[in-house]
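Examination of the molecular architecture
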Amino acid sequence: MEHDHVESDASDLFCVRLLTATCTFEDFFSRPPWEDNHGKMKRKDHQLEVGQDESNSTTKKPVKKARTGSTTARKGKGKEKQDIVWPDHFQDALNTVLAFVSSRKHMATTFPAVRSSVEGLLKRPLALSKVAELKALLPELIKFAYIPPNELRIHAETVSQLAAKKGRASPDFSMQPQSTPSGSQIGLENDEHVLILEFAENSRGKKEQAGPGLSLPPSLTPAALKKLVEKRNERFSDAVNELITATPIGEDPVALLQVAAHEHIPVNPSSTQAKDFEWSGKLTVPEHKDRPSIDAVISEIQEQSWYTAQIVDRRTFEAKEAREGILDVPLSATIQQALRDSRKITSLYIHQTAAINAISKGRHVIVSTSTASGKSVIYQIPLLRYLEDDHDATAIFVYPTKALAQDQKAALEQLLWACPGLQHVATYDGDTPQETRAAIRESASVIFTNFDMMHASILPHEDLWRNFMRNLKLVAIDELHYYSDIFGSHVAQVLRRFRRVCAAVGNRRMRFVSCSATISKPSQHMKRLFGIDDVEAITEDGAPSGCKDFLVWDPPPVDPKAPKLGKRSSLSEATGLMRFLMKRGVRVILFCKIRKVCELAMKTLRADLSAEGRLDVLTKVMPYRGEDRRRIEHEAFSGNLLGIVATNALELGVDIGVLDAVIMLGFPFGIANFRQQAGRAGRRARDSLAVLVADGLPLDQHYVNNPDELFDKAVDDLMVDLDSEVILEAHLQCAAHEMPLSKDDGIYFGPALQELCDSKLLKDKDGWYHTHPKYLPFPAKHIHLRGAEEDKYTVVDISSSSGPKILEELEVSRALFEIYEGGVFMHQGLTFIVKEVSHDSKTAKLVRADVNWTTNPSDVDAKQTYRIKEIMGSPHRSFYGRFYKIRNKSILDTVDLDTPPWERQVSGFWLDVPKNILSLLRAKLILPAAAIHSAQHAWLNQFALSADLRTECKAAEKEYKTSESRRKRPARLIFHDGSENSGVSAKAFDHVHIILRQAHDAVETCHCEDGCTNCILSARCKENNTVASKIGALLILRGLLDLEINADSIPVQRESTGVEFDTVEEAGYVRPVDGVQVEAP
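These lines cover the structure that appears in this document, whether it is placed above or below. (Residues numbered from 1 in each chain as written. Predicted model: local features only at pLDDT ≥ 70, side-chain atom pairs only at ≥ 80, totals over all residues. Heavy atoms only, no water.)

On to the packing of aromatic side chains. Following the criterion strictly, the structure yields 25 aromatic pairs and no others. Relative to Phe448, the ring of Tyr399 lies with its centre 5.7 Å away and its plane at 5°, an arrangement referred to as stacked. Here the residue Tyr399 occupies a position in the loop between strand 8 (394-398) and helix 15 (402-417), and Phe448 occupies one in strand 10 (residues 446-449), the gap between them amounting to 49 residues. Taken individually, Tyr399 and Phe448 each receive the classification buried, so the pair is uniform in this respect. In textbook terms, an aromatic cluster arises when at least three aromatic residues are bridged by ring pairs, as seen for Phe909, Trp939, Phe943, Phe975 and Phe989. Over the face of the ring belonging to Tyr428 we find Arg437, whose NZ or CZ atom lies 5.4 Å from the ring centre. Of note, Arg584 hangs over the ring of Phe580, and the distance from its end group to the ring centre comes to 3.6 Å. (Phe/Tyr/Trp six-rings, centres within 6.5 Å; stacked < 30°, edge-to-face > 60°. Helix = DSSP H or I, 4+ residues; strand = E, 2+ residues; numbered from the N terminus. Buried < 20%, exposed > 50% of the residue type's maximum accessible area, 1.4 Å probe, protein only. Lys NZ or Arg CZ within 6 Å of the ring centre and 35° of its normal.)

What follows is about the sheet that holds strand 11 (residues 472-477). In space, the seven strands of this open sheet follow the order 9-10-8-11-12-7-13, with parallel pairing throughout. Every other strand in the sheet has two partners, leaving strand 9 (425-427) and strand 13 (535-538) as the edge strands with one partner each. If you compare each strand with its neighbour and ignore which way they point, the axes differ by 15° on average. Bridging between strand 9 and strand 10 involves three bridges; their strand directions are parallel. Note that in strand 10 the partner of Thr427 across the bridge is Phe448. Relative to the sheet, helix 13 (residues 350-360) contacts strand 7 (364-368), strand 12 (511-516) and strand 13, its axis offset from that of strand 7 by approximately 165°. Sitting on the sheet, helix 15 is in contact with strand 8, strand 9 and strand 10, with an inclination near 170° to strand 9. (Pairing = 2+ DSSP bridges. Axes fitted to C-alpha atoms, helices over the stretch in contact; angles between N-to-C directions. Contact = heavy atoms within 4.5 Å.)

As a further point, take a negative patch on the surface. A grouping of Asp723, Glu725, Glu755 and Asp758 is seen on the molecular surface, where their side chains present a negatively charged patch. As for its position among the elements, Asp723 is in the loop between helix 27 (708-712) and helix 28 (725-738). You can call Asp723 exposed: its relative accessible area is 61%. (Patch = residues over 30% accessible without salt bridge, like charges linked within 9 Å, V, L, I, M, F, W, Y side chains within 5 Å. Areas by Shrake-Rupley, 256 points an atom, 1.4 Å probe, with all protein chains shown as cover. Salt bridge = Lys/Arg side-chain N within 4 Å of Asp/Glu carboxyl O. Lys, Arg positive; Asp, Glu negative; His and termini not counted. Charge placed at Lys NZ, Arg CZ, Asp CG, Glu CD.)

Looking now at the pairing of strand 8. Among the five residues that make up strand 8, five are buried, leaving the element largely enclosed by the rest of the structure. Residue alternation in strand 8 divides its side chains into two sets, Thr394, Ile396 and Val398 and Ala395 and Phe397, and both sets are buried. Relative to strand 11, strand 8 runs parallel, the two sharing five bridges. Each bridged residue has a counterpart across the sheet, and for Phe397 the counterpart in strand 11 is Ala476. Relative to strand 10, strand 8 runs parallel, the two sharing four bridges.

Looking now at the sheet that holds strand 19 (residues 688-693). Strand order in the open sheet formed by seven strands is 6-14-19-18-15-17-16, and the pairing between neighbours is mixed. Each edge of the open sheet is held by one strand with a lone partner, namely strand 6 (311-317) and strand 16 (621-623). Across the sheet, the mean angle separating the axes of adjacent strands is 15° when strand polarity is ignored. Looking at chain direction, strand 15 (residues 588-592) and strand 17 (residues 643-646) are connected through four bridges and run parallel. By the bridge assignment for strand 17, Ile589 is matched with Ile644.

Here the amide bond leading from Leu776 into Pro777 is cis, since omega sits at 10°, within 30 degrees of zero. Take Pro777: it is sitting in the loop between strand 21 (769-770) and strand 22 (792-797). Despite not being glycine, Lys344 has its phi angle at roughly 60°, a positive value. Mapped onto the fold, Lys344 is located in the loop between helix 12 (333-343) and helix 13. Residue classification places Lys344 among the exposed residues on the basis of a relative accessible area of 72%. Positive phi, normally seen in glycine, also occurs at Asp1042, with a value near 60°. As for its position among the elements, Asp1042 is in the loop between helix 37 (1030-1040) and strand 33 (1064-1065). A relative accessible area of 44% means that Asp1042 is categorised as partly exposed.

Laid out in structure tokens, this is it:
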């Protein structure tokens, strides 16, 4: 046997080297798998010709010959095969080595590790260009790129631990210690990058969360490894055949592949080459004024090799011309000049003039028009008129966030500077120094504040504000749609307290003006919120707008020929699209639903742009975070940023300059949020783009299949609960502290005032009601308007060489589930390990560590029953009581992290699943957890204040385990308050039967097959609705209502595996307090 023949055969690219079960790690890497223990050449495995059945294969001597492939399907029988002759160039040995390495959890597929083994088989060097050809053939299946070491690390090591190694070999293929980020460049870490080579897989077992780093598949058996190699070989053969078939006559497929491969040779961003490459002329980002049109960008996207029909729906809304109106009373020359000088405004739109005319007639006004339609002018011009007529006139402008208040304050100051003699403007919020507050009360014409300050500072000290309130002409409330549910219900009572105090100082003439995004029934919402009747709603929009494109983007399959691989990650699709747009000078904002996804998106952008050598783009991308908010807004407004990654905090109208495109990573929390986010692009009448990148989740896929609903579906009515006695009583205690109450104050607080005052407040001999002593001396501190706890945890990085550094502050509601000893915490795309948590000092100490996973533990358990209520027509009961939100143990891969229990009590209610229903679910192979989860969503979808209720959402990685779980949850529907003392769960409990019936009717009559937003899917589900069963939900709801169920008519939902596991057990008894009586429904 000739040695060169063996070597040539060994270099068969993707020619299957099927390992036998006896081939060990050492055998495989110490010698070629066809060489026996005596060093003689002997094939121990098979070589399958393409299209050959394995059962008919025979062992052959290695023979040098041209590779052939078939253009017919591998599994098709009786079909004529057309053999394609492969050039010798397509012959190498890489697949088996790569498959083996990538199937071992304790190993990482770094290119140096793979190359050393392949070169051992080839007996010659393996060039980057050869692997780049493989990447060019299978661009979506092969990952060949430089990534930061923290994306590769398999075992957690802190920065200090790595430094202590002083360069010793790491378990992860000799990665050198990294340096601590210096922060010298925005979004960059000073890490050496590692070249990795990875093949997309679909491994059985526990699902791993998609992320920017290296995947960690479970170890494979020799048989599974053999099958994996075969499947890869088949996919590669198809790609080669397609290339050869598509090559025009007279051209060389090898030459075409080599040209394409040049674009896939990775650039090391840590090298000098990358820095030179970065600033080469062809990579220059165009100036914003020179960017291509959105239509041209979309056309270019559709011509890219990576585009595979991701755009499933495109809508183009043509540009609108401005429609101007006329004021009944013309503006003075001074105001006209100020508008020209400060804003270049020479005319007004019809909705602006309609609102200003209504205000001048003494009416209250709400303007509900599109984003960036100039709504702020509506209350700024009346303010200038009031100040012209009376220099002592005052106004209050209220905004939901400090960022928005600062933004609007700067705009008004610019306008007032052009009006000589007018008084100054001041911000009055929690950051205003105590020593300046008196001066603001005495001299400011306008204060910019929020309802938190009005509740906790202005109203409790109304005696200090009487002169200001006496001269108050205008109260403007921006972003009125923000005030709904529990927050809106609290704000409604604050406004009633405010109107009462103003009336007491003799001011009943002030006008209320509110602005909002497009909402349903704007007049009704303002009337309920303010407690007033004379409201004029302005909804006809006269502002111009540029041409706007809306795209629904559905990530394609990783490999259409391998459906089990699933779809591409929505995160990588969104960040990839963002990179594409930024490189063309398109300014983009990427909206993520939660902070953690923002961190992952920023991490992905950092890794991908670094790997491409595009540091020029990366330095112009920033995450929108509170501590850097002002700097980010300045950079964005100045045009220095190309990209921003943000949560829905930027839905509100903070002006961050011109944005050309909005990308929404996953469907937002509702249709209103979708339209609000989409409206952030094109705020200067230039063409713009809005893209919804759909997750592979039920809710997102519902809108992929029904895109008309995104544009035609009515926005839900905004809810304000004026009947909640819990909320009303709390504000009556505050109102009585501001000024004693009497029964005449029912005109502000409604008919429930008399009974609550008699039972909850103290009455003096003259009939006046005063605050109960238990709330003194400061009753306002007992109310949190936003439903959030006031306590915060300070998160401190103790690994910095310069000493401890405060990273951020977390509210208790977030800290409960994000900081716990041994957990992973993310901050600006960087990962930290929580080393110590002190619940006494509310401090968490963290150390910097590069890890490639996250953690998320939680449990909610019923502890004691306070009320029991019948369900009408049913023998079953609903229970109201106290829950413990428990954070005790989390599972990271297969490692248990035990930490001391941390418990908090909240109020809520529950309904136990009847035993016969639980048995029926199991008999029909319906996962009980999925049925319970969907029934909870169905109930919440029918409850008006569901945004302020919480339930126990089911996670796929826990409920779809293939092994018995030690975490058994009781079979009950659980609902509890999102924050302490909100009273929402008590109100829900009072109406539990009615809502239960509505939920049943909604599920039973819904025409969808597997669930939609009208029945069992929830936009607020923190586990993304992945564990769901519509038929299971219906069975539980019918069981609770004691409705007839024909078990024989229900089909078995899936095939039995022989051994069934679920995480649900029969609900146990929860002890009631003494004296509890069963209430009628």
